[in-house]
Amino acid sequence: VVLVPDTATFLTAIQQWNLQERYPILIEDERYTPLFLNQFQPQEIIRLPAANPMLVQERKIAMKKAVAAAWESDETSLKKTWKELGWNPPGVVLTSAYDPASVAAVALAADRGQPLLFLDGYFGEVNQTLSSRSWKHLNQEVNESVKSIGYDYQELGDTIDTMTLVRTLPVKYRNPKNQDILAVTDGLGRHETGERYAIAGWIYGSPERAVYQAMCAIFLDKNSALLYDSYPKTDSWKSYHFEEYSIQRLKKLGLQVTHIEHPEASGKTWQKITAQPWNYDLIFINSRGGKANFAVGNGDAFVEDIPQPNTPTAIHIIHSFSATTPADIDTIAGRWLDYGAYAYVGSVDEPYVTAFVPPQAVLARLSLQVPFLVASRYVDSPPWKVTTIGDPLMVIGN
């Protein structure tokens, strides 16, 4: 693992990636770096001295250079190099060189072999809601950027099937048709007809956290999972329990699975498991509540009851409002992300339980190496209220 002090040094260091050698590079901090190291267990840690600061235009050049260098090419020949290698980019990465998270876009574009596109301009802060007018502008900018690269993207299953937005954006937008609140990550990647052509993921925030999220998605194995199901055993919830056959699929991927369900799921059980070291790499929670409270069985837990993990984790939570303001650490998504969750699936508003893909279907898809965020999406439904945070190409299998 290479540890660097700042973004300029990160951009210098990542230019050393090539087709034979890639390794984690983190912007060192006291919160996310220890989490990554604890899970990755590197044989060696190398700390680099600070490089010279870069102006924004220099950053753009360095970002493009780093993506090409990982494929032993240069920015003017990268598309040709990919063609010669028989490589078809699975998605695109959109960022702004002005955004603090932008260096994470370089890592994901370089490692996954994706075009790096620049989406500049101000659209609002994370916890805000895009107006209908601003939403139309953002959506048009994204669609035109994807179209400009010259790869097939028009439908799922061609070449470009995912997009990763690495920059500050509002998590929600107003539906131009009826002013309903919808998730930006579910609205993007669609044609004017509403038909989806790509599934979106999203990374934002400080350079330290954004790079950490990218490196977790690229380099970390997943060894353990917690399936916490607070739903009662009634017909109205029957499609949203964790069935034994789907649990076995996770175990075949090499994960040690802890399954807690009704009636074992309770406030006392939650207190018990959160009082122990929290080392789950994958967490599924079925719950009810609001943005700061969630049912754990026979009662509610609150943001303050969310444990501090010892390792990075990916989280899927069937719940209302958990991600309505994910930059607020006093909300469920905000606290999990602040604590080091590098992927998160949750709702920005009241979604109704049917907005979520049933857990057994998600787990079945994961067992087939479908990426975590993609497995959590209905691909043929209209835009709705579930957001997907993280790298859309991250898979669970080791």
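For the structure, check the block above.
Cut-offs used in this document
- Residues numbered from 1 in each chain as written.
- Predicted model: local features only at pLDDT ≥ 70, side-chain atom pairs only at ≥ 80, totals over all residues.
- Heavy atoms only, no water.
- Helix = DSSP H or I, 4+ residues; strand = E, 2+ residues; numbered from the N terminus.
- Rg over C-alpha atoms; globule rule 2.2 N^0.38 Å.
- Buried < 20%, exposed > 50% of the residue type's maximum accessible area, 1.4 Å probe, protein only.
- Contact = heavy atoms within 4.5 Å.
- Areas by Shrake-Rupley, 256 points an atom, 1.4 Å probe, with all protein chains shown as cover.
- Salt bridge = Lys/Arg side-chain N within 4 Å of Asp/Glu carboxyl O.
- 1 Å grid on protein atoms, 1.4 Å probe; cavity = no way out; pocket = protein on both sides within 12 Å on 5 of 7 lines; lining within 4 Å.
- Points joined across faces, edges and corners; volume = space filled by probe spheres on them.
- Nonpolar A, V, L, I, M, F, W, Y, C, P; charged D, E, K, R; others polar.
- Polar contact = N/O pair within 3.5 Å; in protein donor to acceptor, adjacent residues only side chain to side chain.
- Pairing = 2+ DSSP bridges.
- Right-handed = clockwise from strand over helix to strand, strands pointing away.
- Phe/Tyr/Trp six-rings, centres within 6.5 Å; stacked < 30°, edge-to-face > 60°.
- Lys NZ or Arg CZ within 6 Å of the ring centre and 35° of its normal.
- Axes fitted to C-alpha atoms, helices over the stretch in contact; angles between N-to-C directions.
- Parallel < 35°, antiparallel > 145°, perpendicular 65-115°, else oblique.
- Left-handed = near helix turned anticlockwise from the far one by under 90°.

Caption draft 1: The overall build of the protein, seen in detail. A tally of regular secondary structure across the protein gives 13 helices and 18 strands. For 398 residues, the compact-globule estimate of 2.2 N^0.38 gives 21 Å, and the protein sits close to it at 20 Å. Seen along its three principal axes, the alpha-carbon backbone of the protein occupies a region of about 60 × 55 × 35 Å. Evaluated residue by residue, the protein yields a buried proportion of 59% over its 398 residues. Within the protein, residue pairs in contact and separated by at least 24 positions form 77% of the contacts whose partners lie at least 6 positions apart. On the protein, roughly 16,200 Å² of surface is accessible, and the fraction owed to carbon and sulfur atoms is 48%.

Caption draft 2: Main features of the pattern of salt bridges. Counting across every chain of the model gives 13 salt bridges. In this structure, lysine 60 and aspartate 120 form a salt bridge, with 3.3 Å as the shortest nitrogen-oxygen distance. Highlighted residues: lysine 60 in helix α3 (residues 56-69) and aspartate 120 in the loop between β5 (116-118) and β6 (129-130), separated in sequence by 60 residues. Residue classification places lysine 60 among the buried positions, given a relative accessible area of 16%.

Caption draft 3: Just the layout of surface pockets, in detail. Counted as a void, the largest pocket has a volume near 750 Å³. Along its surface, the largest pocket is lined by 26 residues, and Trp135, Asn139, His191, Glu192 and Gly194 are the ones closest to its centre. Take the lining of the largest pocket: its biggest share by element is 7 residues, from helix α6 (residues 132-148). In terms of residue class, the lining of the largest pocket is made up of 9 nonpolar, 9 polar and 8 charged. Quantified by volume, the second largest pocket comes out at close to 310 Å³. Contributions of two or more residues to the lining of the second largest pocket are made by α3, α4 (78-85) and β5. Partitioning the lining of the second largest pocket into residue classes produces 9 nonpolar, 2 polar and 3 charged.

Caption draft 4: Up close: the side chain of threonine 324. Looking at the element boundaries, threonine 324 is found in the loop between β16 (313-318) and α11 (332-338). Residue threonine 324 is classed as buried on the basis of its relative accessible area, which comes to 13%. A polar atom in the side chain of threonine 324 sits 3.1 Å from the backbone oxygen of valine 348.

Caption draft 5: Region of interest: the pairing of strand β12 (residues 256-260). Pairing of strand β11 (residues 224-229) with β12 involves 5 bridges; the strand directions are parallel. Bridged to leucine 227 within β12 is histidine 259. Handedness of the crossover joining β11 and β12 through helix α9 (residues 244-252): right-handed.

Caption draft 6: Summary view of the packing of aromatic side chains. Under the defined criterion, the tally for this structure stands at 17 aromatic pairs. Considering the side-chain rings of tyrosine 228 and tryptophan 270, the 5.1 Å spacing of their centres and the 85° angle between planes classify their relative orientation as edge-to-face. With tyrosine 228 in strand β11 and tryptophan 270 in helix α10 (residues 267-274), this pair connects stretches of sequence that are 42 residues apart. Neither tyrosine 228 nor tryptophan 270 differs from the other in exposure class; each is buried. Put simply, the rings of Tyr228, Trp270, Trp278, Tyr280, Phe294 and Trp336 touch in pairs and so form one group of aromatic residues. A cation sits over an aromatic face here: lysine 60 above phenylalanine 118, 5.0 Å from the ring centre. Here the basic side chain of lysine 385 rests over the ring of tryptophan 384, its NZ or CZ set 4.8 Å away from the ring centre.

Caption draft 7: Inspection of the pairing of strand β7 (residues 162-166) at higher detail. Most of β7 is tucked away: 5 of the 5 residues are buried. In β7, alternate side chains face the same way, and those of Thr162, Thr164 and Val166 on one face and Met163 and Leu165 on the other are all buried. When strand β4 (residues 91-95) meets β7, the two strands line up parallel, connected through 5 bridges. Bridge pairing links leucine 94 to leucine 165 in β7. The sheet contact formed by β7 and strand β10 (residues 199-203) spans 5 bridges and is parallel. For threonine 162, the partnering residue across the bridge sits in β10 and is isoleucine 199.

Caption draft 8: Representation of the sheet that holds β4. Strand order across the open sheet formed by 4 strands is β5-β4-β7-β10, with parallel pairing between neighbours. Across the chains shown, the open sheet's two edge strands, defined by having one partner strand only, are β5 and β10. The average undirected angle you get between the axes of adjacent strands in this sheet is 25°. The sheet contacts of helix α5 (residues 102-112) involve β4, β5, β7 and β10, and relative to β4 the element is tilted by about 165°.

Caption draft 9: Structural detail: the packing of α9 against helix α12 (residues 359-367). Look at α9 against α12: their axes get within 9 Å of each other, and the N-to-C directions meet at 30°. Judged on the interaxial angle alone, α12 and α9 are roughly parallel. Crossing geometry of α9 relative to α12 is assigned as left-handed. Each of Tyr245, Ser246, Ile247, Arg249 and Leu250 in α9 lies in contact with α12, whose residues at this interface are Gln360, Leu363, Ala364 and Ser367. Tallied by class, the residues present in the contact of α9 with α12 amount to 5 nonpolar, 3 polar and 1 charged.

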